[in-house]
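Read off the chains here:
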Amino acid sequence: MIFRVLHHNQCFDGACSAAVFTKFHRECVGGATDYEYVGLAHKAGGAGVDESVFGPGENAIVDFKYSRSPKLTWWFDHHLSAFMTEKDEATFQRGQTDGTETLRQFFDPTYTSCTSLIAHVASTKFGMDVAPLAELIHWADIVDGAKYESAKAAVEMAEPAMKLTMVIESAPDEDGESVSKKFIPLLTEMPLQQVLEQPFVQELLGPLMERHFAMLELMRERAVCERGVISFDITDRPTEGYNKFIPYYLFPEGTYNVGLSKSSFRTKVSVGTNPWTKKGAGELANIAAICERFGGGGHARVGAISFPVDKEEEARAAVREIVGELQG
């Protein structure tokens, strides 16, 4: 049986989650002859997981929204906006009291990364030794939780994990398939520095580093900070991804960041909170709740909204509304 693992695409935590789940399933559950990986992207209008992405065998979704599909076997997520509808959440909750699903579907938004959630479940409920995964869990928490020691560290990217994050988030698809498919089998088999040294990674890294520093200069030209909110519009320079900490590197006094960008398949509004803000948690807005109003979602401190690629004006209207709200 080929086991299909669906994961958040172009996301370091998504790739790490898929890797840790594979290792867990292989060691503690078994039954699969091979594993295949399919990346999932958030769609315009908050559409859920398309039924066509599921394989004929068993399927898992990690680090992505819930699906009521009967084809879904395992599910792990930690996002506040994990459930698209009340019916989705009700279906999940029923499964928690049904012995056939209790140990297969897990949701806990208190975890910094989905990687750490999977590792905890694998260790406490299935007895897996997760000590060899310590480096991966550590960096998944730092990357997904924006726990870098400073904006300088996040933007200048000295650590292997930071460079790998950029490649996973920004490298173009190859023949229609995400580069994450190459990374996932390696992530639990070798240290991150060794993964970084792989020839295919080095081939991608050079051009991406050049693009990263070009993006830094573009942001320096475009971004503004008014009343604690950094905003920018780079829709005229389509990109598949950029370093989300550049705005705070340029404007350390900013509390929030609202960016508008465009990729090959969507116009995206990114909303974030400065990880190094001096404000207390009680003073900060719930970003997931704001994004959900526009069909997006995320975490309490960071989120995003996807619009169709030709709906720039709708996305700009959302940016104006969100910026005004956060400035207030």
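Preceding block: the structure.
What you see is a predicted model; the values in this text were computed from it and never measured.

**Points about unusual backbone geometry**
At step 1: For Met 157, which is not a glycine, the phi torsion comes out positive at approximately 50°.
At step 2: Among the secondary structure elements, Met 157 is positioned in the loop between helix H5 (151-156) and helix H6 (160-170).
At step 3: Met 157 sits in the buried class, given a relative accessible area of 3%.
At step 4: In this model, Arg 227 sits at a positive phi of 50°, which is unusual for a non-glycine residue.
At step 5: With respect to the secondary-structure elements, Arg 227 resides in the loop between strand E6 (224-226) and strand E7 (229-233).

**Re the sheet that holds strand E4 (residues 72-77)**
At step 1: Here we have 5 strands laid out as an open sheet, ordered E2-E1-E3-E4-E5, and parallel in their pairing. With partners counted over all chains shown, the strands left at the sheet margins are strand E2 (34-40) and strand E5 (105-107), one partner each. Going across the sheet, the axis of each strand differs from the next one's by a mean of 20°, ignoring polarity.

**So, helix H3 (residues 114-126)**
At step 1: Helix length check: H3 (13 residues) gives 17 Å between terminal C-alpha atoms against 18 Å at 1.5 Å per residue, within 8%.
At step 2: Taken residue by residue, H3 has Cys 114, Thr 115, Ser 116, Leu 117, Ile 118, Ala 119, Val 121 and Ala 122 as its buried positions.
At step 3: On the buried face of H3, the contacting elements are helix H1 (12-29), strand E3 (59-62), E4, E5 and helix H4 (134-144).

**Here's the deal with the pattern of salt bridges**
At step 1: Taken as a whole, this structure holds 13 salt bridges when the rule is applied.
At step 2: Taking the shortest distance from any N to any O, the salt bridge between Lys 152 and Glu 156 comes out at 3.0 Å. Within this pair, Lys 152 and its partner Glu 156 are both found in helix H5, separated by 4 residues, close to a single helical turn.
At step 3: The residue Asp 233 makes a salt bridge to Arg 316 at a minimum N-O spacing of 2.8 Å. Residue Asp 233 is located in strand E7, and its partner Arg 316 is located in helix H12 (residues 312-327); the two are separated by 83 residues in the primary sequence.
At step 4: For Asp 233, a relative accessible area of 27% gives the class partly exposed.
At step 5: Arg 316 sits in the partly exposed class, given a relative accessible area of 21%.
At step 6: Overlapping salt bridges, with partners in common, bring together Asp 233, Lys 262, Glu 312, Glu 313 and Arg 316 in one network.

Parameters at a glance
- Residues numbered from 1 in each chain as written.
- Predicted model: local features only at pLDDT ≥ 70, side-chain atom pairs only at ≥ 80, totals over all residues.
- Heavy atoms only, no water.
- Helix = DSSP H or I, 4+ residues; strand = E, 2+ residues; numbered from the N terminus.
- Buried < 20%, exposed > 50% of the residue type's maximum accessible area, 1.4 Å probe, protein only.
- Pairing = 2+ DSSP bridges.
- Axes fitted to C-alpha atoms, helices over the stretch in contact; angles between N-to-C directions.
- Expected span 1.5 Å × (residues − 1).
- Contact = heavy atoms within 4.5 Å.
- Salt bridge = Lys/Arg side-chain N within 4 Å of Asp/Glu carboxyl O.

Such coordinate-based values are descriptive only and should not be taken to indicate function.
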